[in-house]
Structures are given as C-alpha cells and as structure tokens.
Amino acid sequence: MSRKNSGFAADLAAGIDLSDEPAPQRRTGIASNVLTGRSNRLSDLASGAIVTRTHELVDPARCRMWAGHNRDYALLTEERCADLIESMKAQGRQEMPAIVRRVSGDADFDFEVICGARRHWTISWLRSHNYPDFKFLVDVREIGDEEAFRLADIENRARDDLTDLERARDYLRALDLYYDGRQRTMAERLNVSESWLTRYLDLARLPAELTRAFANPQELGVRNAIALKALLKPDDRKARAFAEAARIAEARDAGAEAQSILEVIKTLSLAVDAPKKTGSPKKTGKAETVSSAGGKPVLRIEGADRKGIRLTLLNKGGATRQDAEQAIRALLDQHWPQ
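Residues numbered from 1 in each chain as written. Predicted model: local features only at pLDDT ≥ 70, side-chain atom pairs only at ≥ 80, totals over all residues. Heavy atoms only, no water.

Moving on, we get to the nonpolar core. Core analysis: the largest hydrophobic core is formed by 43 residues, its most contacted members being Phe-149, Tyr-171, Met-186, Phe-214, Leu-228 and Leu-268. Broken down by secondary-structure element, the contributors of at least two residues to this core are strand S4 (111-115), helix H5 (145-156), helix H6 (164-179), helix H7 (183-190), helix H8 (194-204), helix H10 (222-229), helix H11 (235-253) and helix H12 (261-272). Examining the composition of this core, we find that seven residues originate from one element, H6, more than from any other. Those residues within four positions of Met-186 in sequence are excluded, and the remaining contacts are Phe-149, Tyr-171, Ala-174, Leu-175, Tyr-179 and Leu-197. Counting residues in each nonpolar core, the second largest holds 20 residues, with Cys-63, Cys-81, Trp-121 and Trp-125 among its members. (Core = buried A, V, L, I, M, F, W, Y, C linked by side-chain atoms within 4.5 Å. Buried < 20%, exposed > 50% of the residue type's maximum accessible area, 1.4 Å probe, protein only. Helix = DSSP H or I, 4+ residues; strand = E, 2+ residues; numbered from the N terminus. Contact = heavy atoms within 4.5 Å.)

Quick look at the structure:
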C-alpha cells in the first residue's frame, strides 16, 4: 500500500472527518441547529402549543380513590378487569397513565385517582399475583373537584365496562354537589342534551324498593328506567309495584331462579294493573272468566253475592301460576280493599 493510501486508511480508522467542510465549521452548524430547536420548543411551550405532563411510576398502595370517582371500586373483579390484566402482562407495563392529583395531610396516601380505577385495581392485582415489580403509571394534575368530575366523565362516557347505573348515580351526586341542582347548567357543562341527562338521572332515582326485584341492579340501563319510572305513578300503582318487587326478591332469596331484566319488568308491569277480564263479577250468578294479559284463561268467577265470591282456578288453561296470583290479588284489591 502506498504511503498516501496508508494515511487515508489511518484517517478512516481514527474517525477523522474527510469532508470538504472544515470540522470546526460543521460543529458550529450543529450547535446552531440544536440551539434553534431548543428555542423553538421553548417558544411552543410558552404559547401553549406543547403541554407538558408529569408522569410518575408509583406504588398503587399509596393511591386512594377520589370520593367523587364514578366507578364503584368494590365491584371490580378479575373478570371485569381481565382485558387489562392480559394486556399488561403482554406489554410488561401499564401503557395508559391514570389521572391523579396529589393529596396532603394523609400519611397513608400520596395521590388520589381521578380516572383509572380499573388500571389501579389491575396493577394492585398483578403485584399480588407474581408480578411484584409492576408500578402504577400516573399523570399528575392540579385540578378542582368539578373539573375532575367532567374529566372523569369524558374519559369514561364511551367505556362499555362502566355501567349505566354507575354513571347515573355519579351524575345525580354531581347535580347537587357542583351545579346546585340545576340540570340545564350541568348539561351545558357536560356538553350533552338535557333530555339525555334526564334519562340517566331517572335511572339513578329509581327507589331501592323497586330495584330490589332485580338480581343484579347494576345491569339496569337507561332504557329500562323509562319502563320502570312509569310504574311509580299514581301511588296505588307504586304500592303494587313495591309489593311485587318484594315478592320477587323474597322468592329469589328462597331459591327461585333469577329472572332476566326484561322478565322482571314484565312481571312488575302486570302486577301494577288488574289483569284483563271479560267483565266484572255480577250478582246474577252467571260465570265470568278472568284472563291474563296474554289472553290465557286464569280463573272463572262462578258467582258473587253478599256471602262472597265463588271461583274456579283454570290451571289447565295455559296461564302461569304467576298469572293466577296476579288475578287473585286483583280480585282482593277490588272486593277486599286494604
């Protein structure tokens, strides 16, 4: 190898810049670009074009749920969080940070969770099930209660895993707490229609005396609230609805098979009104047939006079035992008022 080529190889091995531009001049250009980039970023930060967030990895045990959180933490289970559990196992970490704010004056906690109860529950579950190194990823904010409520609502409104009843109860709580009971103001702040908000508030306001009829009230939706609300007026229909709800709950506690939501609503609806019948009992002694709402013969009134009512149960007519109980209850209400 020639001396010239030998020097060229040595220069390459040493990493010497062989471009036509002198090295000091190129370094000056690079430094200038870096400073320009920093200046542009500072300008964007100052103008609000870039928003910085404080993300931290923390111990979930140092985080408590915010009192205004719209999810019932006690209802979270391995089944309800199965998708997050599998995702975090696959990723090896939590991808989406939970939104929290710092707390003071509480020696047991450093943060409270505004959004991210399922993420908190999942990380806690993983740490106690062979994944002790998992940490809770949080986005630390400085926000007030009303803003926290709206932020949590926006994040969770489209989530299927948050039940209508959880969301409805959160709205009802917030109505008085943040908006002085002014539904229109609340709807404007949430950017929803007042009628949309009303449906959720109606669901939250359903009395426990009625919802006890359902094996799992958490499954009730805003559409169900429309039918159930209609059972509460006037007072005599409400009383019958409450009585039937109690009967359903007692039967379920005694071992009867739980009915679906639609089946329970149908049963309650039939109970609040007297079954359809061909006519009222007459003192002539002529037989009258009482039918169920579905048109099935339930019982035949053989006669009614001062001594009482004589009737025959038509247990082979296709009606159910429940139809018979409702028909007898209607007769008692008509001829033996409380």
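Next, the rest of the story.
Moving on: the packing of aromatic side chains. Counted by the stated rule, this structure contains eight aromatic pairs. Here Tyr-171 and Trp-196 contribute two aromatic rings whose centre-to-centre distance is 5.9 Å and whose plane-to-plane angle is 55 degrees, an arrangement assigned as tilted. Separated by 25 residues along the polypeptide, Tyr-171 in helix H6 and Trp-196 in helix H8 bring together distant segments of the chain. Here Tyr-171 and Trp-196 have matching classes, each one buried. Seen from their ring centres, Trp-196 and Tyr-200 are 4.7 Å apart, and the 50 degrees between their planes marks the pair as tilted. Of the two residues, Trp-196 and Tyr-200 are both situated in helix H8; the distance of four residues between them amounts to about one turn of the helix. Judged by its relative accessible area of 9%, Tyr-200 is buried. Joined through ring pairs, the aromatic side chains of Phe-149, Tyr-171, Tyr-178, Tyr-179, Trp-196 and Tyr-200 make up one cluster. (Phe/Tyr/Trp six-rings, centres within 6.5 Å; stacked < 30°, edge-to-face > 60°.)

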